[in-house]
Amino acid sequence: MNETLTSPVPTATARVAQMFPTLTSTQVERIASHGRRRATVHGELLYDIGTLPVPFVVVARGQVDLIHPEDGTERLIHTLKPGQFSGELNLLSGRRALARARARERGEVIILEREELLRLVQTDFDLSEILMRAFILRRVALMEEGLGDVVLIGSKFCSGTLRVREFLSRNAHPYAYIDLEQDNEVQHLLDRFQVSIDDIPVLICRGDLVLRNPGNAEIADCLGLNESVDSTQVRDLLVIGAGPSGLAAAVFAASEGLDVLVMEASVPGGQAGASSKIENFFGFPTGITGQALTGRAFVQAQKFGAQVLIASGAQKLTRNRRPYAIESSTGQNVQARAVVIASGAAYRKPPIENLSHFEGAGVYYAATFMESQLCRDEEVIVIGGGNSAGQAAVFLAQAAKRVYMLVRGDGLADTMSRYLILRIEQDPKIELHAHSELTALEGSNHLERAQWRNKQTEEVRSREIRHVFVMAGADPSTDWLKGCLALDAKGFIKTGSALSDEDLRDASWPLARRPLLLETSLPGVFAVGDVRAGNVKRVASAVGEGSISIAFVHQVLSE
Ligand SMILES: Cc1cc2nc3c(=O)[nH]c(=O)nc-3n(C[C@H](O)[C@H](O)[C@H](O)COP(=O)(O)OP(=O)(O)OC[C@H]3O[C@@H](n4cnc5c(N)ncnc54)[C@H](O)[C@@H]3O)c2cc1C
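**Student:** Honestly, the packing of aromatic side chains in this entry has me stumped. Any pointers?
**Tutor:** Per the stated rule, a full pass over the model turns up seven aromatic pairs. Here Tyr 347 and Tyr 365 contribute two aromatic rings whose centre-to-centre distance is 5.6 Å and whose plane-to-plane angle is 40 degrees, an arrangement assigned as tilted. Taken together, the positions of Tyr 347 in strand S19 (residues 345-347) and Tyr 365 in the loop between strand S20 (363-364) and helix H11 (369-374) put the pair 18 residues apart, joining distant regions of the chain. You can call Tyr 347 partly exposed: its relative accessible area is 27%. Taken together through their ring pairs, the aromatic side chains of Phe 56, Phe 85 and Phe 135 make up a single cluster. Residue placement shows Arg 165 over the ring face of Tyr 177; its charged tip is 3.7 Å from the ring centre.

Structure follows, in C-alpha cells:
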C-alpha cells in the first residue's frame, strides 16, 4: 500500500462503456444467486497479479480499484463502481490474474468462482453477452497497452524474438516489449536481471523469473497457460490440434455438454491463424484475419467449458485399449473415450530464413482472385511443379506481367496434368525455370526482391519481385500416427468410405458396422480438416468437418 497510483490507462471513451458496463440491480441479483456476498474493508486485496484461481467480483457497495503493478508503482486501470465487475478472458481459461483488485473503501462484493461464472455465461444469455464483450475488450486493451505479467527483451533482427512475440500474440497474452535496438534503458534491465545480449530473447515472468531464449513449452509453463488443466481426468473427447477444424469440434462438443480437452502442439489458430485475411469464409463479406476468426472460436470453446493444453503436442496414441490414451510432448498421458484428430497439414516451405517475415506480405500459399489482383502488371514467382502450381501459374498469368515458375526437377511432365503443361507452354507470359530453387528474399515490411539459383548451371538471378506463390504441396501432421491408423500414400488419414476392406482387415477393425463418416480405422477416433485424406484444404471445410464430427462422436459414445 506504499506504492503510488499513477493516472488511469487511457481508453477511447466509446469503448469504456462496453468494457466497464454497469449492470442493473436485477442483473446483479441474478449473478448473486450463483455466488456469495461478502463485506470488504478499506484497502483489502481481493486478488493480486498471479493469483490462481481468480475470483469474479461484482461490486454491490463501495468501490474496487483494478490495478497493474509496475516496477514499484501501481497503474490504475479502472475503479469499479456498484454494478460493475472485474475480470477478463483469464477467468474463462482458468489462468492466473493479470491485474490486482483492491477495495478502495468499505463495501460489499459478490464473489463467483470460475465454475460458477462458467455456469452463468452458459445459461444466462443476457449477462453472457455483456460479460463476454467486456472480457474480450479488456483483453484487447491489455494487449494494446502491453499490460501483462511478462516483459520480453529482444531485437527486431533476431528470429527467436519474432518466434516468442508470435507465440505470445497468437495466445493473446499481453506483454511489454523492449527492443535492444530502440530502447536506451535496456542495459539497466539486462544488468538488473544479470543477462547479456547473447541471451536474447529474454522473457521476464511476473517480475522475477528470467527465461533465456525459451522454447514455447517453457513459456507456456512459465505463464501457467496449462496450469488449470487436469490431465488425469478421463475425457469424453480429446481433440488433437487447435486449428479451425479442432476448434470447431471443441465448440460443438463442449456446447453439447461433452467434457472436452484440446491438445495443441504450438499455438491456437493453426494455418488459418497465419492468414492475414480470409476473404472466402461464409458470413464475413469484408474478410477477417485468421487470428481474429480463430481467436473468437478459442474464446467460444472456453466459454462452453472446453479446456486447451498449449504447446503440448500429441506424440503417441495407444490403440489397443479403451478409453484411448494419448501421450503428449510435455509428458501428459491423457485418456479419452473418443478422439478427433485435427492436426492439419503444414505447407512445405522453401528453407529461406526470413520467409515467415513476408508471409502475407509478398509470400502466399494460395492464388485466388484476391492475390491475383495484388500482382496486376507485376512479375511474380510460382514455386512448385504440381497441379496446384500449374493452375496458379496459368491463373496468375492473366493479371501478372510475367510468371517465373521454379521447379526443382527437369520439367513438369512427371508431376503435372498434360492439359496444364500445354497451357503453360502456350502462354508467353510464363517462363519455366527447371532445376531452380529460391535462395533469398529481401524487403522491409513487404517483399521487394527475390533471388533464385539454377542448381545445374549455378546461375543466380535476382529480380525486383513483390509476390512469391509457394505451391510446393503440404505434408500432413501424422508422423506420430504411423502404424496406428490407415493412412494414404501421402500420409493423410483415411476415413469413412475411403477405408477399403483391406485397410479394415489390416487395422483389425473389431465392429460389425463399417466406419462412420470421418471415422478412421480405429473405432471412436475421427479425423477432420486438412489432415484427412480427400479434404478440401480450406477453412470452411475444416470448420464444417470439425462441427459435424461431433454428431458421430455422440453416436460412438452411446454404443
Ligand atoms: C498462409 C495461409 C493462408 C490461407 N488462407 C486461406 C484462405 O484465405 N481461405 C481458406 O479457405 N483457406 C486458407 N488457407 C488454408 C486453411 O488455413 C487450412 O485449410 C485450415 O487452416 C485447415 O484447418 P485445420 O484445423 O484442419 O488444420 P491446421 O490449420 O493445419 O491446424 C492444425 C493444428 O494442429 C496442430 N498440430 C499439429 N500436429 C499436432 C500434434 N501432434 N498434436 C497437437 N497439435 C498438433 C498445429 O499446430 C495446428 O495448430 C490458408 C493457409 C495458409 C497457410
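**Student:** What is the right way to read empty space enclosed by the protein from this model?
**Tutor:** Rolled over the atoms, a probe with the dimensions of a water molecule shows which regions are left empty. If you walk through the whole model with that rule in mind, you get two cavities of 30 Å³ or more. Taken as a whole, the largest cavity encloses approximately 60 Å³ of empty space. Contributing to the lining of the largest cavity are Ser 93, Arg 95, Arg 114, Leu 225, Ser 228, Val 229, Gln 302, Ala 306, Gln 307 and Val 308. Its residues placed into classes, the lining of the largest cavity shows four nonpolar, four polar and two charged. Of the voids in this model, the second largest cavity is the one considered here, and its volume is about 30 Å³.

**Student:** Even after reading the chapter, I still don't get the packing of helix H4 (residues 114-123) against helix H5 (residues 125-145), so can you show me in this structure?
**Tutor:** Relative placement of two packed helices is described by the angle separating their axes and the distance separating the axes. Relative to each other, H4 and H5 sit at 115 degrees, their axes nearing to 6 Å. Along the contact surface, H4 presents Leu 117, Leu 120, Val 121, Gln 122 and Thr 123, while H5 presents Phe 125, Leu 127, Ser 128, Leu 131 and Phe 135. For the contact of H4 with H5, a count of residues per class yields seven nonpolar, three polar and no charged.

**Student:** Any chance you could explain the pairing of strand S23 (residues 430-433) here in plain terms?
**Tutor:** For a regular strand, side chains alternate in direction, first toward one face of the sheet and then toward the other. Summarising the sheet, strand S22 (residues 402-406) and S23 pair through four bridges and their orientation is parallel. By the bridge assignment for S23, Val 403 is matched with Ile 430. Regarding topology, helix H13 (residues 418-426) serves as the crossover connection from S22 to the parallel S23, and that connection is right-handed.

**Student:** Honestly, the sheet that holds S22 in this entry has me stumped. Any pointers?
**Tutor:** Sheet strands pair by backbone hydrogen bonding; their relative direction is either parallel or antiparallel. If you trace the five strands from one edge of the open sheet to the other, you get S20-S27-S21-S22-S23, paired in parallel fashion. In this open sheet, the two edge strands, each paired with only one partner strand, are S20 and S23.

**Student:** Before we go on, may I ask you to explain the layout of surface pockets in this structure?
**Tutor:** Here the second largest pocket is characterised by a volume of approximately 1300 Å³. As for the second largest pocket, its lining consists of 46 residues, and the residues nearest its centre are Ser 388, Met 471, Ala 472, Gly 473 and Ala 474. Mapped by element, the contributors of at least two residues to the lining of the second largest pocket are helix H12 (387-397), strand S24 (436-443) and strand S28 (474-476). At five residues, the largest contribution of residues to the lining of the second largest pocket is made by H12. Considered class by class, the residues forming the lining of the second largest pocket number 20 nonpolar, 14 polar and twelve charged.

**Student:** How should I be thinking about the pattern of salt bridges in this particular structure?
**Tutor:** Close approach of charged atoms lets side chains of opposite charge pair. If you walk through the whole model with that rule in mind, you get 35 salt bridges. One salt bridge connects Arg 75 with Glu 145, and the closest N-O pair in it is separated by 3.3 Å. On the criterion of sequence distance, the pair formed by Arg 75 in strand S6 (residues 73-80) and Glu 145 in helix H5 is long-range, its members being 70 residues apart. Judged by its relative accessible area of 30%, Glu 145 falls in the partly exposed class.

**Student:** Whenever I open this one, the packing of H12 against H13 confuses me. Can you help?
**Tutor:** Two elements in contact, H12 and H13, have axes separated by 10 Å at closest approach and are oriented at 35 degrees. The crossing of H12 and H13 is left-handed. Residue-level inspection shows Asn 387, Gly 390, Gln 391 and Val 394 of H12 in contact with H13, the latter providing Tyr 419, Leu 420, Arg 423 and Ile 424. Grouping the constituent residues of the contact of H12 with H13 by class yields four nonpolar, three polar and one charged.

**Student:** Explain unusual backbone geometry to me, please; I cannot follow it from the model alone.
**Tutor:** Note: most residues except glycine have negative phi, and most peptide bonds are trans. Look at the link from Leu 52 to Pro 53: it is a cis peptide, with omega at -5 degrees. Structurally, Pro 53 can be placed in the loop between strand S3 (45-47) and strand S4 (56-61). Here Ile 200 and Pro 201 are connected by a cis peptide whose omega angle stands at 5 degrees. One can find Pro 201 in the loop between helix H7 (186-192) and strand S11 (202-205). Despite not being glycine, Gln 194 shows a phi value in the positive range, around 50 degrees. At Ser 508, a position not held by glycine, the phi torsion is positive, near 55 degrees. Counting through the fold element by element, Ser 508 comes out in the loop between helix H14 (501-506) and strand S29 (525-527). Taking the relative accessible area as the measure of exposure, Ser 508 reaches 53% and is therefore exposed.

**Student:** How should I be thinking about the nonpolar core in this particular structure?
**Tutor:** Nonpolar side chains in soluble globular proteins tend to be buried together. Grouped together as the largest cluster of nonpolar side chains are 45 residues, with contacts concentrated most on Phe 167, Leu 203, Leu 237, Val 239, Val 260, Val 340 and Val 553. Tallying contributions element by element places helix H9 (residues 244-255) first for this core, with six residues. Once residues within four sequence positions are removed from consideration, Val 260 is found in contact with Arg 235, Leu 237, Val 239, Ala 250, Ala 253, Ala 254, Ala 306 and Gln 307. With 44 residues, the next largest nonpolar core counts Val 54, Leu 112, Val 121 and Leu 147 among its residues.

**Student:** Looking at this structure, how should I read the side chain of Glu 519?
**Tutor:** Here Glu 519 lies in the loop between H14 and S29. Separated by 2.8 Å, the side chain of Glu 519 and the backbone nitrogen of Leu 516 make a polar contact. At 2.6 Å, the side chain of Glu 519 forms a polar contact with the backbone nitrogen of Gly 524. With sequence-adjacent residues up to four places away left out, Glu 519 is seen in contact with Lys 494, Thr 495, Gly 496, Leu 499, Trp 509, Arg 513, Gly 524, Val 525, Phe 526 and Val 556.

**Student:** Help me understand the environment of Trp 480, please; the structure alone is not making it clear to me.
**Tutor:** Structurally, the position occupied by Trp 480 is in the loop between S28 and H14. For the pair formed by Trp 480 and Leu 190, sequence separation is 290 residues and the distance between their alpha carbons is 41 Å. Setting aside its immediate chain neighbours within four residues, Trp 480 contacts Ile 240, Ala 314, Gln 315, Lys 316, Leu 317, Ile 326, Ile 341 and Ser 343. Polar contacts involving the side chain of Trp 480 include one to the main-chain carbonyl oxygen of Ser 477, which spans 3.2 Å.

**Student:** Looking at this model, I keep getting lost on the site of the ligand. Mind explaining?
**Tutor:** Close to the ligand lie 32 residues; Ser 245, Glu 264, Gln 271, Ala 314 and Asp 530 are nearest. Within the side chain of Asn 280, an N or O atom sits 2.9 Å from a nitrogen atom of the ligand. Note that an oxygen atom of the ligand is positioned 2.9 Å from one of the backbone N or O atoms of Asp 530. Its free accessible area being 1000 Å², the ligand has 88% of it covered by the protein chains. When residues of the shell around the ligand are traced back to their parent elements, those giving at least two are H9, S19 and helix H15 (539-557). Here the residues of the shell around the ligand are counted per class, giving 15 nonpolar, 13 polar and four charged.

Reading the values: rules and limits
Residues numbered from 1 in each chain as written. Predicted model: local features only at pLDDT ≥ 70, side-chain atom pairs only at ≥ 80, totals over all residues. Heavy atoms only, no water. Phe/Tyr/Trp six-rings, centres within 6.5 Å; stacked < 30°, edge-to-face > 60°. Helix = DSSP H or I, 4+ residues; strand = E, 2+ residues; numbered from the N terminus. Buried < 20%, exposed > 50% of the residue type's maximum accessible area, 1.4 Å probe, protein only. Lys NZ or Arg CZ within 6 Å of the ring centre and 35° of its normal. 1 Å grid on protein atoms, 1.4 Å probe; cavity = no way out; pocket = protein on both sides within 12 Å on 5 of 7 lines; lining within 4 Å. Points joined across faces, edges and corners; volume = space filled by probe spheres on them. Nonpolar A, V, L, I, M, F, W, Y, C, P; charged D, E, K, R; others polar. Axes fitted to C-alpha atoms, helices over the stretch in contact; angles between N-to-C directions. Contact = heavy atoms within 4.5 Å. Pairing = 2+ DSSP bridges. Right-handed = clockwise from strand over helix to strand, strands pointing away. Salt bridge = Lys/Arg side-chain N within 4 Å of Asp/Glu carboxyl O. Left-handed = near helix turned anticlockwise from the far one by under 90°. Core = buried A, V, L, I, M, F, W, Y, C linked by side-chain atoms within 4.5 Å. Polar contact = N/O pair within 3.5 Å; in protein donor to acceptor, adjacent residues only side chain to side chain. Near = heavy atom within 4 Å. Areas by Shrake-Rupley, 256 points an atom, 1.4 Å probe, with all protein chains shown as cover.

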